[in-house]
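# Fold and contact review
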Amino acid sequence: MEAQAQLEFESIVEEYGDFVYNLTYRVLSNHADAEEAAQDAFLSAYRNFEKFRGESKVSTWLYRIAVNAALMKLRKDKNKRTLTQSGYDEVQLVSPAEGPERQALNTELREHLQEGLDMLADNLKTAVVLRDVQGLSNEEAAEALKISVSSLKARLHRGRVLLRQHLQGYLSQQQQQV
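Source: prediction; values computed, not measured. (Residues numbered from 1 in each chain as written. Predicted model: local features only at pLDDT ≥ 70, side-chain atom pairs only at ≥ 80, totals over all residues. Heavy atoms only, no water.)

Quick look at the confidence of the model for the chain now. Note: predicted coordinates in regions of low pLDDT should not be interpreted at a detailed level. On average, residues of the chain carry a pLDDT of 81, and 83% of them reach 70 or more. Averaged over each element, pLDDT in the chain is lowest for helix H4 (residues 100-119) (75) and highest for helix H2 (residues 31-47) (93). Scored below 50 in pLDDT, residues 79-97 makes 31 contacts in the model with residues more than four places away or belonging to other chains. (pLDDT = per-residue confidence, 0-100. Helix = DSSP H or I, 4+ residues; strand = E, 2+ residues; numbered from the N terminus. Contact = heavy atoms within 4.5 Å.)

The subject of this paragraph is the packing of helix H1 (residues 3-28) against helix H5 (residues 122-133). Where H1 contacts H5, the two axes come as close as 9 Å, and the packing angle between them is 135°. Here H1 lies oblique to H5, going by the angle between them. Relative to H5, H1 is oriented so that their crossing is right-handed. Between H1 and H5, the residues in contact are Leu23, Arg26, Val27 and Leu28 and Lys125, Thr126, Val129, Leu130 and Val133, respectively. Residues of the contact of H1 with H5, tallied by class, amount to six nonpolar, one polar and two charged. (Axes fitted to C-alpha atoms, helices over the stretch in contact; angles between N-to-C directions. Parallel < 35°, antiparallel > 145°, perpendicular 65-115°, else oblique. Left-handed = near helix turned anticlockwise from the far one by under 90°. Nonpolar A, V, L, I, M, F, W, Y, C, P; charged D, E, K, R; others polar.)

For the coordinates displayed, the defined rule picks out seven aromatic pairs. Summarising the aromatic geometry, the rings of phenylalanine 9 and tyrosine 46 are spaced 5.3 Å apart at their centres and angled 70° between planes, so their arrangement reads as edge-to-face. With phenylalanine 9 in helix H1 and tyrosine 46 in helix H2, this pair connects stretches of sequence that are 37 residues apart. Look at phenylalanine 9 and you get buried, because its relative accessible area is 6%. On the basis of relative accessible area, tyrosine 46 is assigned to the partly exposed category, the value being 32%. A ring pair is formed by phenylalanine 19 and tyrosine 63, whose centres lie 4.7 Å apart and whose planes are at 70°; its orientation type is edge-to-face. Of this pair, phenylalanine 19 sits in helix H1 while tyrosine 63 sits in helix H3 (residues 58-76), placing them 44 residues apart in sequence. In this structure phenylalanine 19 comes out as partly exposed when scored by relative accessible area, which is 25%. Three or more aromatic residues link up through ring pairs in this structure, and these residues are Phe9, Tyr46, Phe49, Phe52 and Trp61. (Phe/Tyr/Trp six-rings, centres within 6.5 Å; stacked < 30°, edge-to-face > 60°. Buried < 20%, exposed > 50% of the residue type's maximum accessible area, 1.4 Å probe, protein only.)

Have a look at this one:
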């Protein structure tokens, strides 16, 4: 790789490093696996950087590579996969002023949500993560997954329905306690 292209790639790694890690972490739910998948993604991106023609945004190109790296890691480690951490530690659903009871409920909800995500088929999980957790548009998520927008919408619908079903028992139990 020529010096100019290497500098350009280094700036991409600097700009999108956290983003790629967060994406792989949301798919894999494990810090070590996410780091490995993120490294694999950047290694793959580096090897193919000269082939990047700029027809899509750099972020979309990296999404596609990162999602593929995470899915390959999932497939490879399918039997070893266990729930470790929720991955939602940085998300604060309530204000600390609302008290420890409320915070405990939200921690429980995050755990049930992560459990539900982990139960989804890989194709449904990645669609939900890209759209609802990472905040991509339908078009960006579809492009990252190399599927049509209508296929993405179908996966999102199925994933959300299954998540809703998984959370329904927990949520109705919480409502009864209120």
